[in-house]
Amino acid sequence: MVIEELEDREFYLYAPTALRNEPLLEYVWEVALEFAKIVAPLEHEMFETSAPTIFANRYAESKLTDKERYLRFIKNYKCDNITFEEYSKWRYRKLDTRFKERFLSNEKLQNTIKAFDLDVSKFWYLLLFVYDYIEDFATDAPTLKKSTLEEFNCLYKMLNETSVITFTKGNRKCYETNRKDIIGLVKTALDYFAKNYNDIYNNIPEGECTIEPLKKLGLDDFIDPTPIIDRKKRQGLSTTHKKWYFTKMFDFFLKNRKAKPLPHVKEKVSTDKYMFISRLIYTVGYHGKAYNIDKNLKTNNNNRMLSNLLHKYAKKEFPLVVQQDYWTRHIILKE
C-alpha cells in the first residue's frame, strides 16, 4: 500500500485559505475547521483556520535538512539578516512520521479504514495532523500566567474571605497580620482601584478608546485581559489528556460516518468507532498493544474506556496551554 505524496508548495504560511482545495487535505480541513479556528487577540473573533497550511509546510520541512530548512525560511520570509547559526538556536519541533510503517502494516486497522469507506492517503494526513497538532501544545510548551486583571480579581475575592495576610521573601515569611483594620485598609485601596476601573470601562462612549484614562490612573496593566506567556517555565500534558483530545477530534470526524462489512475479507472486521480510535491511539504511541488487541472486541473494553474518557473530561476545563507551531485558539499573543 502506498500513500499518495502531498506536493510541496511554497506559499504565504498564514494565509487562511491556502491549500483550501488540496484533495489530500480534505479530512484535515474538516477537523481543523472545528478544532483549530483562529482567535483574534482581545476581540476573540473566530476566523477560518490556517492549521492545514501550517501542517503542509511542516510536512514539507520534515523532509529537509536543517540547512535546507534555513534557506527555505530565508527565501519565504526575506530575512537575509538572520544567520544560520542564529537560526539553529531557535526551538524547532520536527513533524514526527515514525509511526507510518505501523499505520500501513496494521491489517486490522487498514480493513477498518476500508469499512468506513475512507481514502487511506487522506486519512494518513489527518492522523499525522491530529497527532502533530496535539503534540504542539502538549509537549514542552510554554506555560501561561494569569493576566493582571485576572490576578487582581482573585486577590480581591480572597480578601473578602481571608482572615490573615502573609508576605514572604524567598522561602521565608517576613510579615503576617490578622488585624481586621489592616486587612480592611488593603481592601479599601483595592476597592478604589476597582471602582475607578469599572467607572472608566462602563462609561466611556462606544467607539472611544479606554486606554488613556486608564493610563492616567496607573492602570495600564488592566487594559489587556489576556494571559501572559512564560517561556522560561515549560510543561507537558499527561498522556491521558493527549488521549482525551485525540479521541475527541476523531470522535467528531467519525460522528456521521458509518462502517459497512467487507464481504471479500474472510476474518471479522471491526466496525466499532471506538475500537477504530483505540487502534489509532496505539498507532501513534499514546498507549501500548492493549489498545490494538482483538480480545477487546468481545469485552468492548476500549469502547467503554474511550467513552468514559470523553465523559470524564466533558465538564472539565482543558488546561491552559500555548501552541507554538499552530497559531489557533490555544495561542495567547501577549508576552
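Everything below is about the structure printed above this text.
Below is a summary of the structure that appears in this document. If you're wondering where the values come from, they're calculated on a predicted model, not measured in any experiment.

1. Quick notes on unusual backbone geometry
Argument step 1. In this structure, Asp 117 is a non-glycine residue whose phi angle is positive, near 55 degrees.
Argument step 2. Among the structural elements, Asp 117 can be located in the loop between helix 6 (107–115) and helix 7 (120–138).
Argument step 3. The exposure class assigned to Asp 117 is exposed, which follows from its relative accessible area of 67%.

2. Side note on the pattern of salt bridges
Argument step 1. Enumeration over the complete set of coordinates arrives at 14 salt bridges.
Argument step 2. The shortest N-O distance in the salt bridge between Arg 257 and Glu 30 comes to 3.0 Å. One end of the pair, Arg 257, is in the loop between helix 11 (239–254) and helix 12 (273–284); the other, Glu 30, is in helix 1 (residues 26–35), with 227 residues separating them in the sequence.
Argument step 3. Classification of Glu 30 as partly exposed rests on a relative accessible area of 29%.
Argument step 4. The closest approach of N and O atoms between Arg 98 and Asp 96, which form a salt bridge, is 2.8 Å.
Argument step 5. Arg 98 gets classed as exposed once you look at its relative accessible area, which sits at 72%.

3. Description of the packing of aromatic side chains
Argument step 1. Counting across every chain of the model gives 27 aromatic pairs.
Argument step 2. With 5.4 Å between their ring centres and 90 degrees between their planes, Phe 73 and Trp 90 make a pair best called edge-to-face. In this pair, Phe 73 is assigned in helix 3 (residues 66–77) and Trp 90 in the loop between helix 4 (84–88) and helix 5 (100–105), connecting sequence segments 17 residues apart.
Argument step 3. Taking relative accessible area as the criterion, Phe 73 reaches 17% and is therefore assigned buried.
Argument step 4. Relative accessible area serves as the criterion here: at 42%, Trp 90 is assigned to the partly exposed category.
Argument step 5. Arranged with centres 5.8 Å apart and planes meeting at 40 degrees, the rings of Phe 167 and Tyr 175 form a pair that is tilted.
Argument step 6. Looking at Tyr 175, the relative accessible area reads 36%, which means it is partly exposed.
Argument step 7. Members of the aromatic cluster, connected to one another through ring pairs, are Tyr 27, Phe 99, Phe 103, Phe 116, Phe 123, Trp 124, Tyr 131, Phe 246, Phe 250, Phe 253, Phe 276 and Tyr 286.
Argument step 8. Sitting above the plane of the Phe 253 ring, Arg 257 keeps its charged end 3.9 Å from the centroid.

4. Points about the packing of helix 1 against helix 7
Argument step 1. Where helix 1 contacts helix 7, the axes come no closer than 7 Å and their chain directions differ by 35 degrees. Taken together, the residues of helix 7 that come into contact with helix 1 (itself represented by Glu 26, Tyr 27, Val 28, Val 31, Ala 32 and Phe 35) are Lys 122, Phe 123, Tyr 125, Leu 126, Phe 129 and Tyr 133.
Argument step 2. For the contact of helix 1 with helix 7, the residue count by class is ten nonpolar, no polar and two charged.

What counts as what
Residues numbered from 1 in each chain as written. Predicted model: local features only at pLDDT ≥ 70, side-chain atom pairs only at ≥ 80, totals over all residues. Heavy atoms only, no water. Helix = DSSP H or I, 4+ residues; strand = E, 2+ residues; numbered from the N terminus. Buried < 20%, exposed > 50% of the residue type's maximum accessible area, 1.4 Å probe, protein only. Salt bridge = Lys/Arg side-chain N within 4 Å of Asp/Glu carboxyl O. Phe/Tyr/Trp six-rings, centres within 6.5 Å; stacked < 30°, edge-to-face > 60°. Lys NZ or Arg CZ within 6 Å of the ring centre and 35° of its normal. Axes fitted to C-alpha atoms, helices over the stretch in contact; angles between N-to-C directions. Contact = heavy atoms within 4.5 Å. Nonpolar A, V, L, I, M, F, W, Y, C, P; charged D, E, K, R; others polar.

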